[in-house]
Amino acid sequence: MLDVRGLSRAFGGLKAVDAVDIDVPQGAIVGLIGPNGAGKTTCFAAIAGFVQPDSGSVRLSGTDITGWAPHRIAELGMVRTFQITQPFARLSVRENVMVGAYLRHPRRAEALRAAERVAARVGMGGMLDMRAGDLTVAGRKRLELARALATEPRLLLLDEVMAGLNPTEIDEIVGIVRNIRADGITILMIEHVMQAVMSLAERIHVLNQGRIIARGAPAEIAADRVVVEAYLGQGAAARLAGGAHG
Amino acid sequence: MNARRIVAVFGAALVAAFALPFVLPSNYAVNVAAMILFTAFLGQSWNIAGGFAGQTSFGHVVFFGTGAYASTILQVAWGWNPWLGWIAAALAGGVVGLAIGALAFRAGLRGSYFALVTLAFAEVFRILANSAEFTRGGLGILIPSDPRAANLQFKDPVWFYWIALALLALSLAVAAWLKRSRFGAQLAAIRENEDAARALGIDVFRAKTICLGISGAMAAAGGTFYAQKYLYVDPSIAYGVEKSVEMLLVSMIGGAGTVFGPLVGAAVLGGVGEITRSFAAGQGLSLVVYGAILVAIVAWLPDGLIGVFARRGGARRGRDA
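Model, not experiment: these values are computed from the prediction.

S.K.: Looking at this model, I keep getting lost on the overall build of chain B. Mind explaining?
M.R.: Along the backbone of chain B there are 14 helices and 2 strands. Taking all 321 residues of chain B together, the buried fraction comes to 51%. Taking as baseline every contact in chain B between residues at least 6 positions apart, the subset at least 24 positions apart corresponds to 77%.

Rendered as structure tokens:
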């Protein structure tokens, strides 16, 4: 469904994203992981139109959307969330989600109904009248999710929706993400919380220093030498293996 | 939040406001009331862009003055009927709004940069009006006095009161529509966070530009009203910075981004103006008091005076800018 080919973007001399290929099949949950500074968020930004790629292409269901403005990409059915949550701080939760719902429901009454339905689905049904600026971190993460869902996307780009949450909250979001997929929405997620991404994603891409260094099923990735070294430093895999023998 | 009840209350208030001149003691009082309503209308035109969409302009007079000149020139030099000229003036203001919006927003100007660019546009228009032939430069243009309704001129000030009331009612309707429509929700989203708005499928450039067009058309309609009331336009009346400040002030004091904020702000400023005038001649004292009020509002009531009444459910502010 999403087909990223040779995507590159440099900032000055730094290649933040370097010839990245990503495939996201229809109906899948695909994970994008990597150490801090690997270029994951830039990669997302380039896919969703927030950053112009230097080269490469992005196709959504066959349509070439490389370099499109974000609002047109959202209209076509691909919506991102932000790692650093971007609530409409002085609007209520209801109004926040309605902004998303208005994309497909121009009439107020319908947008309102759609927004309340989505809010209930992510467990925010009781917070509709709260000001978004007053939400906790967990609440803001859910709000990001709710707003994006309210646009009724085909493909959802989730940027670290679990960062900063406690284990109970993570479990809840994992359940919500499962339900979203069950409703037929394809998901590409950046995630640092390994236990979550390992249990959710059927396929994982590992990004390091702007390049994809490994891809495969979660179990393969966890055992991959290159991946372990990317996270823990060179020689770590050997030392771990040595430690296991000793 | 029953829409029918809101309309009923609004209608009753409109009837009361319509009848108000009959109980006011003098023509002077009617004039003061008319100018309060008119200032509220101008404030609302600013509020559409500055309050609802968060596009703070320091030069809204660029639209006001364009409206004043457009109808006056069409009338004096081209023999147009001023009612028709009024419509043309609103259109001209809308076009200037769209043009400035297209230029400034395409260049990605936000916040104080946008504010400064609007100020610059207003100054450029003032200088142009001061030097161009067809605006008669610094001499200004006199509209020949011929008080007939067909000429949009009236002997009795009550008519200007009623016209100001109609303008205000129209602007309140626009604001109320923004509060409850998709376009209004898009503007609020843009005001709060442009990137998030963009991510949710909002064409930010288009929405902001259209918003400035609407706002500009309204301010320009105000310019024609002003010209017809005083039968004279010159560059400093049309494009003087005081009017820009006044529009911004009444909205901020009353409550930017609220439907009734500009009306509350205009009433307070009008009242303060009358009181200070009774103490001292000239403008000096009223400006000092305005300044003090603005400082107090910004420091303690960032949602404006209306925020005092409208604070519901203990919702507190958390403004990020």
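So that's the structure; there's more coming.
S.K.: What's the story with the sheet that holds strand S5 (residues 63-64) of chain A in this structure? I'm lost.
M.R.: Note: strands within a sheet are paired through backbone hydrogen bonds, in either parallel or antiparallel orientation. Residue and element names in this part refer to chain A. An order of S2-S1-S4-S5 is seen for the 4 strands of this open sheet, with the pairing classed as antiparallel. Since the sheet does not close on itself, it has two edges, and those belong to strand S2 (14-24) and S5, each with one partner. Pairing of strand S1 (residues 2-11) with S2, which is carried by 7 bridges, proceeds in the antiparallel orientation. Bridge pairing in S2 links Leu-2 to Val-24.

S.K.: Any chance you could explain the packing of aromatic side chains here in plain terms?
M.R.: Aromatic ring pairs are defined here through the distance separating the ring centres and the angle between the ring planes. Residue and element names in this part refer to chain B. One pass over the structure, following the stated rule, counts 16 aromatic pairs over all chains. On the numbers, 5.4 Å between centres and 85° between planes, the contact of Phe-154 with Phe-160 is edge-to-face. Residue Phe-154 is classed as buried on the basis of its relative accessible area, which comes to 16%. Accessibility expressed as a relative area gives 5% for Phe-160, which makes it buried.

S.K.: Looking at this structure, I do not really get the interface of chain A and chain B. What am I missing?
M.R.: It is common to give the size of an interface as the accessible area lost on bringing the parts into contact. The partner chain B presents 25 residues to the 25 residues of chain A that form the contact. For the pair chain A and chain B, the summed buried surface comes to about 2,200 Å²; carbon and sulfur atoms form 61% of the total. Counting every contact that joins chain A to chain B gives 1 salt bridge. For Glu192(B), the salt bridge identified is with Arg90(A), shortest N-O distance 3.3 Å. Viewed at the interface, chain B and chain A are joined by 5 residue pairs in polar contact (both at pLDDT 80 or more). Mapped by element, the contributors of at least two residues to the side of chain A that touches chain B are helix H2 (70-76), strand S6 (78-80), helix H3 (93-101) and helix H5 (137-150) of chain A. Take the side of chain A that touches chain B: its biggest share by element is 4 residues, from H2(A).

S.K.: Would you explain the packing of helix H11 (residues 241-254) of chain B against helix H12 (residues 261-279) of chain B in this entry?
M.R.: Helix-helix packing: each pair is described by the crossing angle between the helix axes and the interaxial distance. Residues and elements named next belong to chain B. Here H11 crosses H12 at 105°, and the two axes come no closer than 7 Å. With respect to each other, H11 and H12 are oriented roughly perpendicular. When H11 is examined against H12, the residues Leu-249, Val-250, Ser-251, Ile-253 and Gly-254 are found in contact with a partner set consisting of Gly-261, Pro-262, Val-264, Gly-265, Ala-266 and Leu-269. For the contact of H11 with H12, the residue count by class is 7 nonpolar, 4 polar and no charged.

S.K.: I tried to follow helix H9 (residues 204-230) of chain B on my own but got confused; where do I start?
M.R.: For the α-helix, the turn length of 3.6 residues means that residues three or four positions removed from each other point alike. Residues and elements named next belong to chain B. Look at H9: 39 Å from first C-alpha to last across 27 residues, which is about the 39 Å you get at 1.5 Å a residue. Burial of H9 is extensive: 21 of the 27 residues sit out of reach of the surface. Positive phi appears at Leu-231, one or two residues downstream of H9, with a value of about 55°.

S.K.: Is there a simple way to explain the sheet that holds strand S7 (residues 155-159) of chain A in this structure?
M.R.: All names here are of chain A. One open sheet holds the 6 strands; their spatial order is S6-S7-S8-S3-S9-S10, and the pairing between them is mixed. Where the open sheet ends on each side, the last strands, each with one partner, are S6 and strand S10 (211-216). Each adjacent strand pair in this sheet contributes to an overall mean axis angle of 15°, direction not counted. Direction of pairing for strand S3 (residues 29-33) relative to strand S9 (residues 203-208): parallel, over a ladder of 4 bridges. Note that in S9 the partner of Ile-33 across the bridge is Val-206. Running over the sheet, H5 touches S6 and S7 and is turned about 165° from S7. Seen against the sheet, helix H9 (residues 225-232) touches S3, S9 and S10 and runs at an angle of roughly 130° to S10.

S.K.: Explanation requested: unusual backbone geometry in the structure shown.
M.R.: For residues besides glycine, phi is generally negative; the peptide bonds are generally trans as well. Residue and element names in this part refer to chain A. If you check the backbone angles, Ala-19 has positive phi at about 50° while not being a glycine. Looking at the element boundaries, Ala-19 is found in strand S2. Residue classification places Ala-19 among the partly exposed positions, given a relative accessible area of 40%. A positive phi angle, close to 50°, is found at Ser-61, a residue other than glycine.

Rules and cut-offs
Residue numbers restart at each chain and count upward from 1, following the sequence in its written direction. A letter from A marks each chain and a number from 1 marks each ligand, given out in the order of writing. Local features in this predicted model are restricted to residues of pLDDT 70 or higher, and side-chain atom pairs are both shown and tallied only at a pLDDT of 80 or more, whereas totals for entire chains, interfaces and linings draw on every residue. The side-chain values count all of the structure's non-hydrogen atoms but skip hydrogen atoms and water molecules. Secondary structure is summarised from DSSP: a helix means a run of H or I of at least four residues, a strand means a run of E of at least two, and numbering begins at the N terminus for each. Throughout this description, buried means an accessible area under 20% of the type-specific maximum (1.4 Å probe, protein chains only), exposed means over 50%, and partly exposed covers the range between. The contact criterion used throughout is that any non-hydrogen atoms of two residues lie within 4.5 Å. By this definition, two strands are paired if DSSP reports at least two bridges between them. Classification of ring pairs uses Phe, Tyr and Trp, with its six-membered ring standing for Trp, and accepts pairs whose centres are within 6.5 Å; under 30 degrees between planes counts as stacked, over 60 as edge-to-face, and the remaining range as tilted. When two parts are brought into contact, each loses some accessible area as probed by a 1.4 Å sphere; the total of that loss over both is the buried area. Definition used for salt bridges: Asp or Glu carboxyl oxygen within 4 Å of a side-chain nitrogen of Lys or Arg. Pairs of N or O atoms are called polar contacts if they sit within 3.5 Å, as long as, within protein, a hydrogen donor faces a hydrogen acceptor (for residues adjacent in sequence, only side-chain-to-side-chain pairs). To get an axis, fit a line to the C-alpha atoms, keeping to the stretch in contact for a helix; angles then go from 0 to 180 degrees between the N-to-C directions. Angle categories are assigned with fixed cut-offs, so that under 35 degrees is roughly parallel, over 145 is roughly antiparallel, 65 to 115 is roughly perpendicular, and the rest are oblique. In this count, Pro and Cys sit with the nonpolar residues alongside Ala, Val, Leu, Ile, Met, Phe, Trp and Tyr, while Asp, Glu, Lys and Arg are called charged and the others, Gly among them, polar. Take the residue count of a helix, subtract one, and multiply by 1.5 Å to get its expected span.

Interpretation in functional terms is not warranted from these geometric data alone.
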